[in-house]
Amino acid sequence: MMKTLLSLLILILFSPFASAQNGQAMSGLISSTDTVSISVHREPDLDTAGQLASDGTLSMPLIGAVKLSGRTTTSAESLIEAKLKDGYLVRPQVTVRITQRQVQTVSVGGEVASPGIFTLPHNQPVTLSQVVNMAGGATDIANIKKVTLRRASSGKVYTINLKEIIQGAKKDIVLVKGDSINVPEGLF
């Protein structure tokens, strides 16, 4: 019952992030992997769209590269309007929308109720214990003292005592794109 309530709570908390994947333009914090569209009211030649460069910028006519990553869409609009006011337009009206977010996933396998691949919410850290709960929690035969975490970015494998994390004795681990978690069987 408690696991079901916790899973439902996680689903409700992360549900706004599901809409970010359905192709609709959205606002919010811009990430360096996002694709954005910028429109300037009554100036269609200045409209720009594309995925941000690796440094978090997007190049626009007249003003060049503009750093957008780490800004909200509202903040990005204000920044671009200020740059356009500086010698180009009298009262620019800019709209910035995130048109696509790169999906970031982790996989959970082994002795959990629902193993699988889980989408990480955008711009919100998710921890190891949260993802194990998203997978329905550990089964009764799981050995949560020897959970393995494989980092795709480095290829390193870590053995983690999830029981100590749950009890508050150790700090929970923030997951990153591509992580793979395995909860082993503990009968033997």
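Just so you know, these numbers come straight off a predicted model, no measurement behind them.

Cut-off values and rules
- Residues numbered from 1 in each chain as written.
- Predicted model: local features only at pLDDT ≥ 70, side-chain atom pairs only at ≥ 80, totals over all residues.
- Heavy atoms only, no water.
- Pairing = 2+ DSSP bridges.
- Helix = DSSP H or I, 4+ residues; strand = E, 2+ residues; numbered from the N terminus.
- Axes fitted to C-alpha atoms, helices over the stretch in contact; angles between N-to-C directions.
- Core = buried A, V, L, I, M, F, W, Y, C linked by side-chain atoms within 4.5 Å.
- Buried < 20%, exposed > 50% of the residue type's maximum accessible area, 1.4 Å probe, protein only.
- Expected span 1.5 Å × (residues − 1).
- Arc of directions from axis to C-beta.
- Contact = heavy atoms within 4.5 Å.

The subject of this paragraph is the sheet that holds strand S8 (residues 147-150). Strand pairing in a sheet relies on backbone hydrogen bonds, with the paired strands running either antiparallel or parallel. Strands sit in the order S7-S6-S10-S8-S9 across an open sheet of five strands; the sheet is mixed. Each edge of the open sheet is held by one strand with a lone partner, namely strand S7 (116-119) and strand S9 (157-160). The average undirected angle you get between the axes of adjacent strands in this sheet is 20 degrees. Relative to S7, strand S6 (residues 105-110) is paired through four bridges, and the arrangement is antiparallel.

This part is about the sheet that holds strand S5 (residues 94-100). Read across the sheet, three strands follow the order S2-S1-S5 without closing on themselves; strand pairing throughout is antiparallel. The sheet is open, and its two edges are formed by strand S2 (48-51) and S5, each paired on a single side. Averaged over all pairs of adjacent strands, the angle between strand axes in this sheet comes to 15 degrees, irrespective of strand direction. Taken together, the four bridges between strand S1 (residues 35-40) and S2 define a ladder with antiparallel strand orientation. The residue of S2 that forms the bridge with Ile38 is Thr48.

Counting residues in each nonpolar core, the largest one holds 20 residues, and the members touching the most others are Val106, Val108, Leu128, Val131, Leu175, Ile181 and Val183. Elements with a minimum of two residues in this core: S6, helix H3 (128-134), S8, helix H4 (162-167) and strand S10 (180-183). The biggest single contributor to this core is H3, with three residues. In terms of nonpolar packing, the next biggest core, distinct from the first, is built from 19 residues, Ile38, Leu46, Leu58 and Met60 among them.

We now examine helix H2 (residues 73-85). Between its terminal C-alpha atoms H2 stretches 18 Å, which fits the 18 Å expected from 13 residues at 1.5 Å a residue. Within H2, burial applies to Thr73, Ala76, Glu77, Ile80 and Leu84. Taken around the axis of H2, the buried residues stretch over an arc of 100 degrees, which confines them to a single face. For H2, the exposed residues lying more than 90 degrees away from the buried face are Thr74 and Lys85. Residues of H2 that are buried in the fold lie against S1, strand S3 (57-60), strand S4 (64-67) and S5.

Looking now at unusual backbone geometry. With a phi angle near 65 degrees, Arg42 is a residue other than glycine that sits in the positive phi range. Along the chain, the position of Arg42 falls in the loop between S1 and S2. The exposure class of Arg42 is exposed, given its relative accessible area of 72%. Phi at Leu62 takes a positive value of approximately 75 degrees, unusual for a residue other than glycine.

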